[in-house]
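# Coordinate analysis (summary)
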Amino acid sequence: MPLIEQVPTQIYIDRRKELVDRIKKQYKNAASGIVLLIADFEAECQRFRQDASFYYYTGIEEPACMLIIDIASGKSTLYTPNFGSERKKWVVSEAQPGNHAVLGVDAIEYAGKPCTGYQC
């Protein structure tokens, strides 16, 4: 039995759908637009702790990510820092392009050019 229970990805998908539905209900003219959720950033010499709202809607514990939800379509795109190969020596991350189904988003893209370090 695992020490930490994995929360099914569908919970986060449902939470994001509910968020978009609430926005559409409260703002009748919100037929288009985006919702932007921003993860917390790492601080040197401190243990990383994800922003509570970002985690609630994504279940992702990676730093410096952004999630954009298109209000019209409900599609979600996760933007993650392009740490290149340096960070892979130290950290295993599921937040990589091509791994979108595992995280319950429609797409994962890199945000910018490769970083030179292992933290962002």
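Presented here is a report on the structure given in the accompanying data block. (Residues numbered from 1 in each chain as written. Predicted model: local features only at pLDDT ≥ 70, side-chain atom pairs only at ≥ 80, totals over all residues. Heavy atoms only, no water.)

### Comments concerning the side chain of S76
Which entries qualify depends on this criterion: In this description a helix means any DSSP run of H or I spanning at least four residues, a strand means any run of E spanning at least two, and both kinds are numbered starting from the N terminus. Three labels apply to residues, based on accessible area from a 1.4 Å probe with only protein chains included: buried if under 20% of the type maximum, exposed if over 50%, partly exposed otherwise in between. By the convention used here, residues are in contact when the closest approach between their heavy atoms is within 4.5 Å.
By the element assignment, S76 lies in strand 3 (residues 76-80). Accessibility expressed as a relative area gives 3% for S76, which makes it buried. Sequence-distant contacts of S76, defined by excluding residues within four places in its chain, comprise R16, L67, I68, I69, G104, V105, D106 and A107.

### Some points on the side chain of Q50
Where we set the bar: We define a polar contact as two N or O atoms separated by no more than 3.5 Å, with the added condition that, inside protein, one atom must be a possible hydrogen donor and the other a possible acceptor, whereas residues neighbouring each other in sequence contribute only through side-chain atom pairs.
You can see Q50 is positioned in the loop between strand 1 (34-38) and helix 2 (52-58). Of the residues examined, Q50 reaches a relative accessible area of 12% and is grouped as buried. Side-chain polar atoms of Q50 contact the backbone oxygen of E62, separated by 2.9 Å. Each residue touching Q50, except ones within four places of it in the same chain, is listed here: A39, D40, Y55, I60, E61 and E62.

### A word on the pattern of salt bridges
Condition: Salt bridges are counted wherever a side-chain nitrogen of Lys or Arg sits within 4 Å of a carboxyl oxygen of Asp or Glu.
Enumeration according to the criterion identifies 2 salt bridges in this entry. Its salt-bridge partner being D21, residue K17 comes within 2.9 Å of it at the nearest N-O pair. Here the residue K17 and the residue D21 both occupy positions in helix 1 (residues 9-26), the gap between them amounting to 4 residues, near one helical turn. Looking at K17, the relative accessible area reads 51%, which means it is exposed. Under the relative-accessibility criterion, D21 is labelled partly exposed at 35%. Between E18 and R22 there is a salt bridge, and its shortest N-O distance comes to 3.1 Å. Of this pair, E18 and R22 both sit in helix 1, 4 residues apart, which is roughly one turn of the helix.

### Details of the nonpolar core
Selection rule: Buried residues of nine kinds, namely Ala, Val, Leu, Ile, Met, Phe, Trp, Tyr and Cys, make up a nonpolar core once their side-chain atoms join them within 4.5 Å.
The biggest cluster of nonpolar side chains holds 17 residues, and the ones touching the most others in it are L37, F54, L67, L78 and L103. Of all the secondary-structure elements, those providing two or more residues to this core are helix 1, strand 1, helix 2 and strand 2 (66-70). The residues touching L67, leaving out its near neighbours within four places in the chain, are R16, V35, L36, L37, F54, T58, S76, T77, L78 and V105.

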